[in-house]
Amino acid sequence: MATMRDVAERAGVSVTSVSHVINETRAVSDELRARILAAMSELEYQPNRLARSLRSGKSQTIGIIIPDNSNPFFAEVVRGVEATSFAYGYSLILCISNADLEKEEHYIGVLIEKQVDGILFMAVGASTNQILSLQQRRVPVVVVDREVAGVAVDTVLADNARGGWLATRHLLELGHKCIACITGHNAFSLSAERVDGYRRALHDADIPPDEALIVPGDFSFASGYDAIQHLLALRDAPTAVFACNDYMAVGAICAAVEMGRLVPADLSVIGFDDVLLTSFTNPPLTTIAQPCYDMGVAAATLLLERMHDPELPTRRQTLGIDLKVRGSTAPLVGD
Ligand code: RIB
């Protein structure tokens, strides 16, 4: 592997000049800079980034911690983060916590060791202490999608309460009155907000929520599947269901079909997220679209700004959501 000395010899300059060009520590003439860059390229010289970051305290990397890489929602957020970071010369280090708080802590330690310049965080749940300890170490942090309670931190969210309201109002406008809700993981405020929106839409339509129709889920296919098996076995089974994410909605459709019901003729189903696969389910899923990619862009932008100016006031951005009507919801017939 070529060294800085080799580059200096090839370019006919001092090692110090090479170092100034690589580390941008002093202005050099265009001609000298071009000669050194040409020598680096001929020798395929790779500056030792780790050594550079140890010296400068900057690594030009951003860490991102996500809870689940099987759900395309998170992949889409990461796509927005990557595009923005890359445009500003940063590389990403992706960590997958697998919804495990211990793993989340482990990865935070790894990212600190690697001297990342900032961390984007989609929390596992009660991650308040992790954020506080990062802030004490003056590591810039931004929280995306999953709010962390009890800490002042830059946050990017979708309008979850409005999403729950819009989903339920869509079902009400189709004539449904017996509407179930499959909740998300109760560790997250976003689940509670989506359920609040559901309750508020029922309230606005003068329909008292029936607690028996609010079934816990955990954002997995399986929990949507199990919830529908339970709901369709009730004496007063629902004619429509709002699942708090797309994965649970797809699990719900699968269970309903296995139980001999037609979607949407016997059961209307609406999800939340609008991940790509839901346009290709049978029937295609009606859902609340979150701006996943834009959430990633917004979060990376807040982080870059925070890295540039640690004294900025804490910011909170709530991005709008949209109703996407597809084939899994239909008017109630024969009531
Ligand atoms: O599909 C995953 C869900 O968990 C999404 O709705 C998103 O908001 C995340 O927190």
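Because the structure is a prediction, the values reported are computed rather than measured.

**Student:** Can you lay out the environment of V21 for me, pointing to particular residues and giving the numbers?
**Tutor:** Checked against the element boundaries, V21 lands in helix α2 (residues 15-23). Along the sequence, V21 and I36 sit 15 residues apart, while their C-alpha atoms lie 7.7 Å from each other.

**Student:** Mind laying out helix α8 (residues 160-173), listing which residues take part and the relevant values?
**Tutor:** For α8, spanning 14 residues, the distance from its first C-alpha to its last is 20 Å, which sits close to the expected 20 Å at 1.5 Å a residue. Where burial is concerned, most of α8 is hidden: ten out of the 14 residues are buried. Those residues of α8 that sit buried are N160, G163, G164, W165, L166, A167, T168, H170, L171 and L172. Just past α8, the residue G175 takes up positive phi, approximately 100 degrees.

**Student:** Describe the nonpolar core, with residues and values.
**Tutor:** L120, I182, Y198, I228 and F242 are the most contacted members of the largest nonpolar core, which totals 69 residues. Of all the elements, helix α12 (residues 292-308) adds the most residues to this core, at nine residues. Lining this core are residues from two domains, each supplying at least three of them: domain 2 (59-158 + 292-319) and domain 3 (160-290). Residue contacts for F242: discarding those within four places in its chain leaves G164, A167, T168, L171, A180, C181, I182, R194, Y198, I270, G271 and F272. By size, the runner-up hydrophobic cluster in this structure holds 16 residues, among which are I119, I131, V141 and V148.

**Student:** Before we move on, can you summarise the sheet that holds strand β10 (residues 286-289) with the specific residues and values?
**Tutor:** Taken in spatial order, the six strands of this open sheet run β7-β6-β8-β9-β10-β12, and their pairing is mixed. Looking at the sheet topology across the chains shown, the edges are occupied by β7 (214-215) and β12 (322-324). Two strands pair when backbone bridges link them, and β10 and β12 are joined in this way by three bridges, in the antiparallel orientation. Bridging from a neighbouring strand, A289 pairs with D322 of β12.

**Student:** Explain unusual backbone geometry residue by residue, including any values.
**Tutor:** Each neighbour pair has its own omega, and for V263 with P264 the value is 15 degrees, a cis peptide bond. Residue P283 is reached from N282 by a cis peptide bond, and omega for that bond is -5 degrees. By the secondary structure assignment, P283 is in the loop between β9 (268-273) and β10. One non-glycine residue with positive phi stands out, namely R138, at about 60 degrees. In this fold, R138 is placed in the loop between α7 (128-136) and β4 (141-144). With phi around 65 degrees, D274 is a residue other than glycine that occupies positive phi space. Within the fold, D274 resides in the loop between β9 and β10.

**Student:** An account of the packing of helix α1 (residues 4-11) against α2 is requested, with residue identities and associated values reported.
**Tutor:** Remark: α1 packs on α2, axes separated minimally by 8 Å, with the N-to-C direction vectors making an angle of 110 degrees. Judged on the interaxial angle alone, α2 and α1 are roughly perpendicular. Between α1, through M4, R5, V7 and A8, and α2, the contact on the second element is made entirely by V15, V18, S19 and I22. Here the residues of the contact of α1 with α2 sort into six nonpolar, one polar and one charged.

**Student:** Could you give an account of the packing of α8 against helix α9 (residues 189-204), with specific residues and numbers?
**Tutor:** Following both chains from N to C, one finds α8 and α9 inclined at 40 degrees, their axes separated by 7 Å at the closest point. With respect to α9, the axis of α8 lies oblique. Along this stretch, α8 crosses α9, giving a crossing that reads as right-handed. Counted together, N160, A161, G164, W165, T168, R169 and L172 of α8 and L190, E193, R194, G197, Y198, R200, A201, L202 and D204 of α9 form the full contact between these two elements.

Reading the values: the criteria
Residues numbered from 1 in each chain as written. Predicted model: local features only at pLDDT ≥ 70, side-chain atom pairs only at ≥ 80, totals over all residues. Heavy atoms only, no water. Helix = DSSP H or I, 4+ residues; strand = E, 2+ residues; numbered from the N terminus. Expected span 1.5 Å × (residues − 1). Buried < 20%, exposed > 50% of the residue type's maximum accessible area, 1.4 Å probe, protein only. Core = buried A, V, L, I, M, F, W, Y, C linked by side-chain atoms within 4.5 Å. Domains from an automatic or database assignment. Contact = heavy atoms within 4.5 Å. Pairing = 2+ DSSP bridges. Axes fitted to C-alpha atoms, helices over the stretch in contact; angles between N-to-C directions. Parallel < 35°, antiparallel > 145°, perpendicular 65-115°, else oblique. Nonpolar A, V, L, I, M, F, W, Y, C, P; charged D, E, K, R; others polar. Left-handed = near helix turned anticlockwise from the far one by under 90°.

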